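Here are the chains, one letter per residue:
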Amino acid sequence: EDANFYSEEVRRIIGDSYGYDNLYREGFSIRTPLNSFYQIKSLNALRNGLEEYDRRHGWRGPITNIKKKNWLKDMEDLKIDKSLKWKLAKVIELDKLSVKILTENNKKGFIDFKDASWTRKESFENLLKINDIIYVKNIKKNKWSLKQLPRINGAIVVMDPYTGRVLAMNGGFSFKLSEFNRATQAKRQPGSAFKPFVYAAALENGFSPSTLVLDAPFVMDQGEGLKTWKPENYGKKFYGPSTLRTGIEKSRNLMTVRVAQKVGFDQISKITNNLGIYNDVPELLSVSLGAAETTLIQLTNAYCTFVNGGKKVSPIFIDRIQDRRGNTIFNSDQRKCVGCEEISYLKEEIPIIKDNHKQIISSETAYQITSMMEGVIKRGTGRKLRNLNLPLAGKTGTTNKNMD
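Residues numbered from 1 in each chain as written. Predicted model: local features only at pLDDT ≥ 70, side-chain atom pairs only at ≥ 80, totals over all residues. Heavy atoms only, no water.

Engineer: I'm lost on the packing of helix 4 (residues 195-203) against helix 7 (residues 265-275) in this one. Help?
Structural biologist: Two quantities define a packed helix pair, namely the angle between the helix axes and the distance between the axes. In contact at an axis separation of 9 Å, helix 4 and helix 7 are set at 120° when each is read in the N-to-C sense. By the angle between their axes, helix 4 is oblique relative to helix 7. Between helix 4 and helix 7 the crossing geometry is right-handed. From helix 4, F197, V198, A200 and A201 reach across to helix 7, where they touch Q267, I268, I271 and L275. (Axes fitted to C-alpha atoms, helices over the stretch in contact; angles between N-to-C directions. Helix = DSSP H or I, 4+ residues; strand = E, 2+ residues; numbered from the N terminus. Parallel < 35°, antiparallel > 145°, perpendicular 65-115°, else oblique. Left-handed = near helix turned anticlockwise from the far one by under 90°. Contact = heavy atoms within 4.5 Å.)

Engineer: Can you help me understand the state of the cysteines in this one?
Structural biologist: Put plainly, a disulfide is one covalent bond tying together the sulfur atoms of two cysteines. Going through the model one piece at a time under the given rule, you end up with one disulfide. Disulfide pairing is shown between C337 and C340; the S-S distance is 1.6 Å. Disulfide C337-C340: torsion about the S-S bond near 60°, hence right-handed. Looking at C340, the relative accessible area reads 35%, which means it is partly exposed. (Disulfide = S-S within 2.5 Å. Buried < 20%, exposed > 50% of the residue type's maximum accessible area, 1.4 Å probe, protein only.)

Engineer: Teacher, can you tell me more about the pattern of salt bridges here?
Structural biologist: Side chains that differ in sign of charge can pair as their charged atoms come close. According to the stated counting rule, one finds 14 salt bridges in the structure shown. Here R11 and E8 are joined by a salt bridge, their closest N and O atoms 2.7 Å apart. Residue R11 and its partner E8 are both found in helix 1 (residues 4-18); the two are separated by three residues, about one turn of the helix. According to the relative accessible area criterion, R11 is partly exposed, its value standing at 28%. K100 is the partner of E93 in a salt bridge, and the nearest nitrogen-oxygen pair spans 3.9 Å. Note on E93: relative accessible area 44%, which makes it partly exposed. Counted as one network, the salt bridges with shared partners bring together E9, R12 and D16. (Salt bridge = Lys/Arg side-chain N within 4 Å of Asp/Glu carboxyl O.)

Engineer: Explain the sheet that holds strand 1 (residues 29-31) here, please?
Structural biologist: Neighbouring strands of a sheet are bound in pairs by backbone hydrogen bonds; such pairs are parallel or else antiparallel. On the basis of which strands lie adjacent, the open sheet formed by three strands has the order 1-12-13 and antiparallel pairing. Edge positions in the open sheet fall to strand 1 and strand 13 (328-331), since each of these has one partner strand only. With strand direction ignored, the average angle separating the axes of adjacent strands in the sheet is 10°. Judged from the three bridges that link them, strand 1 and strand 12 (residues 320-322) form a sheet pairing that is antiparallel. Each residue of the ladder has a partner; that of S29, found in strand 12, is Q322. (Pairing = 2+ DSSP bridges.)

Dropping the structure here:
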């Protein structure tokens, strides 16, 4: 129930690779990297984040209003994942500060106004009516809290950066309401989350974290009959010459465009293609600000390169597949073990598993970018996470009007 998006992705991969007849008739034994602890924690984190964001935009009203007694017959399509522990309920009585409800399993309960204060309404009389159908979640015994389905949606991916094994993945708020996987299927503009790859290309081509880049207005002619392109910083201010490190910490658009212009599109394209972020990226400077679309799984996979010392990994959803006789027909680990054939308790030599991951950027560049992204958390746009008191590196990502 907590890993429906993950298991569906595995089913799709095997169906595409071996055919759906083999998938359902051959008795495959499939082993995945899924870590149930990470899966449940990441799902809760995603849902809590989406709910918090949605609540900040207020109450949108009940699902519907049904007077007839057998109201549940019309609600089958709105029943939600069991892992959410939400119930459909009908309002049967209300006053200013409390509401009496009848849940879908015919239990009576009440909602205290304290558990609906996020709606920004003065009382329940301004919020609900008799026979309104709503979502609720049990707090204790017969006490419930008011819920609403977030209008926003999102995804989360957790990967081992040294192997590419996908330890957890959730492609949306509710699998039952929408099986569309926003981690692997949704093409989105990464926005500012793409900038570290521009800076990595710069470090690979003679720049250093202390290199000064001008943060000032930038205007580019886009051709006859087209408007000039004028990118702006988030706060619409300019700060003059600033270091590369400051540029990534404060997510400065104008600095990034100038870096991309100086490094050259070929170098940025080379890194992004090698890391699998894009297959065919248009030669536009706006790409340096994350204007081209990619998936969350591809972007997360590329970020692994900064952690593992500059090496490319690929997302692994399946560790091993065995047929009904126990024969291994697929193994994701393609590394070679040097000395395994000659292993003996009489010898002192220890076998070595050879790392065959391709080096995309230098280990020095990977270290510097990680260090610069630590600054994003300590001093930059991600400083709200400082309270966790953990060694963290990251990059915030927004697009125009924060649509994605």
